[in-house]
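The residues making up each chain are set out below.
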Amino acid sequence: MDLGITGKRALVCAASKGLGRGCAEALAAEGVSLVINARGRDVLTQTAWEIADRYKVEVTPVAADITTSEGREKVLEALGGQADILVNNAGGPPPGNWLDWDRDDFIRAIEGNMLSAVSLMQALVPGMMERGWGRVVNITSAAVRAPIAQLGLSNTARTGLTGFVAGVSRQVAGKGVCINNLLPGLHDTDRATALDTGVSQAQGITVAEARARREAAIPTGRYGRAEDFGAACAFLCSQQARFIVGQNLMLDGGANNATI
Ligand code: NAP
């Protein structure tokens, strides 16, 4: 299917690896030029080079922490202040126990997984509205729908972002801008390996056993892949997705046992 977005320009945040990279690759495969971002310059530069080489699109890497206002300014400068497509992403907050988190822990999580996405929407969506076309995909988490006990900081911050999107997406849809959220369940990335390691330590089992147990709990019998995730992101950024507004799409291999 031709997604009709060849020649568009996208910002994909936190995209040197994992789900962000999956989204960047899927958009590049559709002929979208990219600004991609991550903190670590070396991996980011290598990723930008690989994507540009493979898909023959322009890819500009910007090494910056997207959860800081200085980092976002650098990224926006590279874009010349405008983009057709925005994919919001950042690293997830650390796991822990709800009784141990203090105010600073919550502020950091909210800055990283809610307010940085809000700021970038505030910076880029007005231009999309003026031009009459835009797509925003926020990478949140399956934890928004089905909370994960040890990821309470993530549950909290991402649910806040979800509430913001629910309201704003309806205010901008009339100008051709569709904002939606993608909710990853378990995907085979560094983040998943880190969480597997945590489970192995907590349960006194090997990392391989921890992974096998977690995979067995998914109806598809495996973790998702970055390319599975990227394909869904590219579709939400397509012309065909023009009637999808303010939705929360679970990508979890059926792990969340719910009727709707
Ligand atoms: P990942 O494989 O660890 O990749 C994270 C990417 O984000 C890297 O490119 C990293 O590069 C970049 N990054 C992290 N913090 C950043 C920051 N402050 N500013 C700019 N770039 C940053 O993680 P992932 O699995 O793709 O996860 C992406 C998001 O989905 C996370 O929020 C995660 O919590 C969430 N999620 C993942 C899963 C899963 O199973 N994988 C499930 C649910 C939710 P640098 O380190 O160089 O900055």
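Since we're looking at a predicted model, the values are computed, not measured.

Criteria and cut-off values
- Starting afresh in each chain, residues are numbered from 1 along the sequence in its written order.
- The predicted nature of this model means local features are confined to residues of pLDDT at least 70 and side-chain atom pairs, given and counted, to a pLDDT of 80 or more, with totals for whole chains, interfaces and linings taken over all residues.
- No hydrogens and no water enter the side-chain calculation; it runs on all heavy atoms of the structure.
- Pairing between strands requires that DSSP locate at least two bridges from one strand to the other.
- Note on conventions: DSSP H or I runs of at least 4 residues are helices, E runs of at least 2 residues are strands, and numbering of each starts at the N terminus.
- Angles here are taken between N-to-C directions and fall from 0 to 180 degrees, while the axes themselves are lines fitted to C-alpha atoms, restricted in helices to the stretch in contact.
- What makes two residues a contact is simply this: any of their non-hydrogen atoms within 4.5 Å.
- For salt bridges, the criterion is a side-chain nitrogen of Lys or Arg within 4 Å of an Asp or Glu carboxyl oxygen.
- One heavy atom within 4 Å of a molecule or strand is enough for the residue carrying it to be called near that molecule or strand.
- We define a polar contact as two N or O atoms separated by no more than 3.5 Å, with the added condition that, inside protein, one atom must be a possible hydrogen donor and the other a possible acceptor, whereas residues neighbouring each other in sequence contribute only through side-chain atom pairs.
- Polarity classes work like this: nonpolar for Ala, Val, Leu, Ile, Met, Phe, Trp, Tyr, Cys and Pro, charged for Asp, Glu, Lys and Arg, and polar for all others, with Gly in that last group.
- In this text, buried Ala, Val, Leu, Ile, Met, Phe, Trp, Tyr and Cys residues form a nonpolar core when linked through side-chain atoms within 4.5 Å.
- Partly exposed describes any residue whose relative accessible area lies between the buried limit of under 20% and the exposed limit of over 50%, with all areas from a 1.4 Å probe on protein chains only and scaled to the type maximum.
- Note on angle classes: values under 35 degrees are labelled roughly parallel, values over 145 roughly antiparallel, values of 65 to 115 roughly perpendicular, and the remainder oblique.
- Crossings are assigned a handedness: left-handed for a near helix turned anticlockwise from the far helix by less than a right angle, right-handed for a clockwise turn.
- Handedness is read with the strands pointing away from the viewer; a crossover is right-handed when the path from the first strand over the helix to the second is clockwise.

(A) Broad picture of the sheet that holds strand β3 (residues 59-63). With parallel pairing, the seven strands of this open sheet are ordered in space as β3-β2-β1-β4-β5-β6-β7. Lying at the two open borders of the sheet, with one neighbouring strand each, are β3 and β7 (248-251). The average undirected angle you get between the axes of adjacent strands in this sheet is 15 degrees. Bridge analysis of strand β5 (residues 134-139) against strand β6 (residues 177-184) gives six bridges, and the strand direction is parallel. The residue bridging N138 from the neighbouring strand is N181, located in β6. Running at roughly 170 degrees to β3, helix α2 (residues 41-55) makes contact with β2 (33-38) and β3 of the sheet. Against the sheet, helix α4 (residues 103-131) engages β1 (9-12), β4 (85-88), β5 and β6, with an angle of about 170 degrees to β4.

(B) Just the pattern of salt bridges, in detail. Applying the stated rule across the entire model yields ten salt bridges. Between E25 and R21 there is a salt bridge, and its shortest N-O distance comes to 2.8 Å. Placement of the pair is E25 and R21 together in helix α1 (residues 18-29), with a separation of four residues, close to one helical turn. One salt bridge connects R211 with E215, and the closest N-O pair in it is separated by 3.1 Å. With a gap of four residues between them, R211 and E215 both fall in helix α7 (residues 207-216), about one helical turn apart. When salt bridges that share partners are traced, they join R21, E25, E50 and R54 into one network.

(C) Seen up close, the site of the ligand. Contacts to the ligand come from 28 residues, most closely from S16, L19, A90, H187 and T189. Within the side chain of R39, a nitrogen or oxygen atom sits 2.8 Å from an oxygen atom of the ligand. Side-chain polar atom of D65 to a nitrogen atom of the ligand: 2.8 Å apart, as the coordinates give it. Sorting the residues of the shell around the ligand by element identifies α1, β2 and α6 (190-203) as the ones contributing at least two each. Residue composition of the shell around the ligand, grouped by class: nine nonpolar, 13 polar and six charged.

(D) Region of the structure containing the nonpolar core. Ranked by internal contacts, the top residues of the largest apolar core, which has 34 residues, are V12, L27, L34, I36 and I85. Looking at this core, the elements with two or more residues in it are β1, α1, β2, α2, β3, β4, β5 and α8 (226-236). With six residues, α1 is the largest single contributor of residues to this core. Counting residues in hydrophobic clusters, the runner-up holds 25 residues, among them L11, V62, A64 and L124.

(E) Spotlight on the environment of G163. Mapped onto the secondary structure, G163 falls in helix α5 (residues 152-172). For G163, a relative accessible area of 47% corresponds to the partly exposed category. Along the backbone, G163 and G246 are 83 residues apart, and their C-alpha atoms lie at a distance of 9.7 Å.

(F) Up close: the packing of α4 against α5. Across the interface, α4 lies against α5 with an axial gap of 8 Å and an inter-helix angle of 20 degrees. Taken together, α4 and α5 sit at an angle that is classed as roughly parallel. α4 and α5 meet at a crossing whose hand is right-handed. Here α4 contributes D105, F106, A109, I110, N113, M114, A117, V118, M121, V125 and M129 to the contact with α5, which in turn contributes L153, T156, A157, R158, G160, L161, F164, V165, Q171 and V172. Among the residues forming the contact of α4 with α5, the class breakdown is 15 nonpolar, four polar and two charged.

(G) Geometry of the pairing of β4. Here β4 shows a buried face lined by I85 and V87 and a second buried face lined by L86 and N88. Two strands pair when backbone bridges link them, and β1 and β4 are joined in this way by three bridges, in the parallel orientation. By the bridge assignment for β4, V12 is matched with V87. Across four bridges, β4 lies against β5 in parallel orientation. Each bridged residue has a counterpart across the sheet, and for N88 the counterpart in β5 is N138. What joins β4 to β5 is α4, and the crossover it makes is right-handed.

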